[in-house]
Amino acid sequence: MTARQVARFEIETGTAAVPASVNIRCTGAWTVQGIAPVEQPLTAVAQTDAVDCVIDASAISALDTAGAWLLHRTVRTLEQRGARTVRIIGLRPEFNTLLQLITAHAATAEPAVLPKVSLLAGIGAQTWYSLIHLTGMLAFIGESAIVFLRSLLHPRRIRWLPILHNLQTAGFEALPITGLLSFLMGVVIAYQGADQLQQFGANIFVVDLVGLAMLRELSPLLTAIIVAGRSGSAWAAQIGTMKIGEEIDALRTIGVGPQELLVQPKILALIIALPLLTVFADITGVIGGMVMASNMLDISFQLFIDRLEVAVSLSSFLTGVSKAPVFAVIIALVGCFQGFQASGSADSVGRQTTVSVVHSIFLVIVADALFSIVFNWLEL
Amino acid sequence: MSTANRNQQQSGSVIDIRHLHTRYGKAVVHEDASLSVRPGEIFSLVGASGCGKSTLLRAVIMLLQPVSGSIKVFGQEVVGLSDEEALPLRRRYGVMFERGALFSSLTVAENVSMVLREHTQLSQALIDEVVALKIALTGLPADAGAKYPNELSGGMRKRASLARAIALDPELLFLDEPTAGLDPLSASGIDELVKSLRDVLGLTIMMVTHDLDLLWRTADRVAVLDKGQILGTGSMTELSKMDHPLVREYFYGPRGRAAREQAWKRK
């Protein structure tokens, strides 16, 4: 920044102890880029108790709204401090018009203050919001159920194309990542187990370990978590963005229920896709364990498969896969519901997307725990 | 008003576009378009939807790279300019986007103050005051500053967007459809605002608009675009005498005639 572009001022004060008059001579460019150096000193000068004050503005080479505001503010502060006369002299006519404009608008220019919320009010608002949220979720589940029952009565109203599309994106396209992670999980379990089992010479039981852990517990859970992160979040973001762009309202006015078009196909598609993905994860998980067992414990593939038939009963497989549809409903409902909760800003879409993932993973794990208890009762 | 601006007045034009060719994918938008904007004038681009008005604006504000041709802003070539080189230039102009483009996670006041915090060394207190002043200048009530963009009506959002565009006291202001989607009252408020900004702050304004009332009331010169070419440039009165069928249709269609009669009555 060159010297020419910076605002400056000089002060001449009267000789008495309490100066009766102050002369402020302003020079240079009083612009938004130039006034930074004079801001603090000028605020200090404006605190003097002079009775007469003259601001000589004849040498101001450039003035914009920020500079004009600073001049106006200085005059105002001096007047409030009790100065009898405050004059600005020598201002160029075009700068004077600007200053008048600023003065005219100054009365209405109050810096905006964000309302402060007390702690107690904050807790209250949060509680209230949570309650609203809960009833909203219940209403949403109810609405989904009604739409589902209605489409059972009129199967022709089911929208097959979106279902197929969601099967493709949420199911088929999730195969590689689900398979890879499940394979690695199988490897890890076999690896962890091998060390312990070797100590007892019970190498062969690695098959039981991998088979039961993967089929009963891990692959349904793992698949559900991957799908919640992949598709649940995508749906929340999609519906949230549509809500903000008034697309949901547009659907309603066209006479197409958003539930029917956006929510139901996702739920149905995921009910089909998630069990299939779980089976796929079962297979790749067991293969992972198999690879590790043959490397570390010298259990051949043939031996592993023979033992698997004994170790894992059909009911173990079914308990695992039967959880998947429930997880599917949770993920799809939570993802869509959070999408509909978005309002107003891009920020809120991001927030709801995060919430959808956190809530659906949480609920999936809770449901899984409930399943364990129920299966225990039923002695499966 | 500033020294730089006065230097510009000596050299002729603030924006100088020569032989501009632009493309969106394979679609050709502009073919050999040339025009220049003089200092302190309100210059407007008009034309049917999809004729490339907004694209031209985007090329000038460096959001779109033209295929060939030259665009000079304040005498500096902007085609092929790196972000770093463009920064000093970007500080000298403000842009008001068609749909406001306010940052939705910030309040109106924060939207405006963000620009000042990024580019000046002023204290927070002074910034807050300047922000409140800009909000008042655009005709918004003082309490609008604490609101988020989604709490504002369309007209208020436009004004807030304008407040952000003039935050740094730019020498050049780009307005994309400043009155689109506004009620007539708000729209004529914008007319007045645009005029007073030019008159008092000495801005040069380049705008894209379909609003014939706004054109008659404010525009000094107007360029008519069609199929990527500039059919003619001149004041509204000059253009309304032009012989080109499209231009005639534009000005003598039912809406054009009404706006012109309004303008005559005012005179």
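Residues numbered from 1 in each chain as written. Chains lettered and ligands numbered in written order. Predicted model: local features only at pLDDT ≥ 70, side-chain atom pairs only at ≥ 80, totals over all residues. Heavy atoms only, no water.

> Can you walk me through the state of the cysteines in this structure?
In protein chemistry, a disulfide is the covalent bond that joins the sulfur atoms of two cysteines. Residue and element names in this part refer to chain A. Taken as a whole and assessed by the stated rule, the structure comprises zero disulfides over all chains. No disulfide involves Cys-26; its sulfur sits 9.3 Å from that of Cys-53, the nearest cysteine. Among the residues examined, Cys-53 registers a relative accessible area of 2% and is labelled buried. (Disulfide = S-S within 2.5 Å. Buried < 20%, exposed > 50% of the residue type's maximum accessible area, 1.4 Å probe, protein only.)

> Sorry, what's going on with helix 2 (residues 53-60) of chain B here?
Each α-helix turn comprises 3.6 residues. Residues three or four places apart therefore point the same way. Residues and elements named next belong to chain B. Helix 2 sits mainly inside the fold: six of its eight residues count as buried. Those residues of helix 2 that sit buried are Lys-53, Thr-55, Leu-56, Leu-57, Ala-59 and Val-60. Positioned one or two residues after helix 2, Met-62 has a phi angle of 65°, which is positive. (Helix = DSSP H or I, 4+ residues; strand = E, 2+ residues; numbered from the N terminus.)

> Would you mind going over the pattern of salt bridges with me for this structure?
Opposite charge on two side chains lets them pair, provided their charged atoms get close. Residue and element names in this part refer to chain A. Under the criterion given, the structure shown has 20 salt bridges over all chains. Note that Asp-208 and Arg-307 form a salt bridge whose closest N and O atoms lie 2.9 Å from each other. Here Asp-208, found in helix 7 (residues 206-244), pairs with Arg-307, found in helix 10 (residues 301-311); they are 99 residues apart in sequence, far enough to count as distant. Taking relative accessible area as the criterion, Asp-208 reaches 16% and is therefore assigned buried. Note that Asp-249 and Arg-252 form a salt bridge whose closest N and O atoms lie 4.0 Å from each other. (Salt bridge = Lys/Arg side-chain N within 4 Å of Asp/Glu carboxyl O.)

> Would you take a moment to explain the environment of Ala-202 of chain A for this structure?
Examined against the element boundaries, Ala-202 of chain A turns out to sit in the loop between helix 6 (175-199) and helix 7. In this structure, the C-alpha to C-alpha distance between Ala-202 of chain A and Leu-297 of chain A, residues 95 residues apart in sequence, is 9.9 Å.

> I tried to follow the interface of chain A and chain B on my own but got confused; where do I start?
Listed as interface residues are 33 residues of chain A and, on the opposing side, 33 residues of chain B. For the pairing of chain A and chain B, the buried interface totals around 2800 Å² over both sides, and the portion due to carbon and sulfur atoms is 68%. Counting across the chain A and chain B interface gives one salt bridge. Linking chain A with chain B are seven residue pairs in polar contact (both at pLDDT 80 or more). Elements supplying a minimum of two residues to the side of chain A that touches chain B: helix 1 (36-45), strand 3 (52-63), helix 2 (65-80), helix 3 (93-106) and helix 12 (346-377) of chain A. Here the element with the most residues in the side of chain A that touches chain B is helix 3 of chain A; it accounts for seven residues. Across the side of chain A that touches chain B, the residue classes break down as 17 nonpolar, nine polar and seven charged. (Contact = heavy atoms within 4.5 Å. Buried area = accessible area lost by both parts, 1.4 Å probe. Polar contact = N/O pair within 3.5 Å; in protein donor to acceptor, adjacent residues only side chain to side chain. Nonpolar A, V, L, I, M, F, W, Y, C, P; charged D, E, K, R; others polar.)

> Quick question: what am I supposed to make of the packing of helix 4 (residues 119-153) of chain A against helix 11 (residues 314-341) of chain A here?
In a pair of packed helices, the angle between the axes and the distance between the axes together describe the arrangement. Residues and elements named next belong to chain A. Relative to each other, helix 4 and helix 11 sit at 120°, their axes nearing to 11 Å. With respect to helix 11, the axis of helix 4 lies oblique. When you trace helix 4 past helix 11, the crossing you get is right-handed. Contacts between helix 4 and helix 11 pair His-133, Gly-136, Met-137, Phe-140, Ile-141 and Ser-144 from the former with Leu-333, Val-334, Cys-336, Phe-337, Gln-338, Phe-340 and Gln-341 from the latter. Taken together, the residues of the contact of helix 4 with helix 11 sort by class into eight nonpolar, five polar and no charged. (Axes fitted to C-alpha atoms, helices over the stretch in contact; angles between N-to-C directions. Parallel < 35°, antiparallel > 145°, perpendicular 65-115°, else oblique. Left-handed = near helix turned anticlockwise from the far one by under 90°.)

By themselves these figures say nothing about function.
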